[in-house]
Amino acid sequence: MSNLHRRAMEAVLQAAQHDIVGTLREREITDRHSEDGDEAVLDVAILHAYRVFVRICEEQGLDVDAQLFAELAGELADEMAQDNDYD
């Protein structure tokens, strides 16, 4: 990973951390490690991934297709789950 990619990833992670704190407060979740806390973190991660997808599509002149994002994310999740099953 290039230095530029590392810096970009750190910026995304910092933004996500900020959003996680806000989401936990908004949902009045006091235990970050509870099931509700886990769900809040996953919701923020998915939202950030979608925002990146939208920006990439816009930058490349592509139509933003939320259904395509959902399908690709689901396929990736399935592949990763299978990979983890083989480890």
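Report follows, based on the coordinates. Sequence order as written defines residue numbering, which begins from 1 separately in each chain. Local features in this predicted model are restricted to residues of pLDDT 70 or higher, and side-chain atom pairs are both shown and tallied only at a pLDDT of 80 or more, whereas totals for entire chains, interfaces and linings draw on every residue. Heavy atoms throughout the structure, all of them, feed into the side-chain values; hydrogens and water do not.

Turning next to the nonpolar core. Looking at soluble globular proteins, one finds that nonpolar side chains tend to be buried together. Nonpolar cores are built from buried Ala, Val, Leu, Ile, Met, Phe, Trp, Tyr and Cys residues. Side-chain atoms within 4.5 Å join them into one set. The buried label goes to any residue with under 20% of its type's maximum accessible area, the exposed label to any with over 50%, and the partly exposed label to all in between, with areas taken from a 1.4 Å probe on protein chains only. Formed by Ala16, Ile20, Leu24, Ile29, Ala40 and Val44, the largest nonpolar core amounts to six residues. Of all the secondary structure elements, the ones that give two or more residues to this core are helix 1 (3-26) and helix 2 (35-59). Ranked by the residues each element gives to this core, the list is headed by helix 1, at three residues. Pairs of residues are marked as contacts when any of their non-hydrogen atoms sit within 4.5 Å. What Ala40 contacts, discounting residues up to four positions off in sequence, is Thr23, Leu24, Arg27 and Ile29. Helix and strand labels come from DSSP, where a helix needs a run of H or I of at least four residues and a strand needs a run of E of at least two; each type is numbered from the N terminus.

The next subject is the pattern of salt bridges. The term salt bridge refers to a pairing of a side-chain nitrogen on Lys or Arg with a carboxyl oxygen on Asp or Glu at a separation within 4 Å. Taken as a whole and assessed by the stated rule, the structure comprises two salt bridges. The partner of Asp19 in a salt bridge is Arg51, with the nearest N and O atoms 3.3 Å apart. In this pair, Asp19 is assigned in helix 1 and Arg51 in helix 2, connecting sequence segments 32 residues apart. Taking relative accessible area as the criterion, Asp19 reaches 24% and is therefore assigned partly exposed. Judged by relative accessible area, which is 40%, Arg51 ranks as partly exposed. Between Asp43 and Arg27 there is a salt bridge; the shortest N-O distance is 2.7 Å. A residue pair is termed long-range when its members are at least 10 positions apart, and Asp43 in helix 2 and Arg27 in the loop between helix 1 and helix 2 qualify at 16 residues. For Asp43, a relative accessible area of 31% translates into the label partly exposed. A relative accessible area of 37% means that Arg27 is categorised as partly exposed.

These figures capture arrangement, not role.
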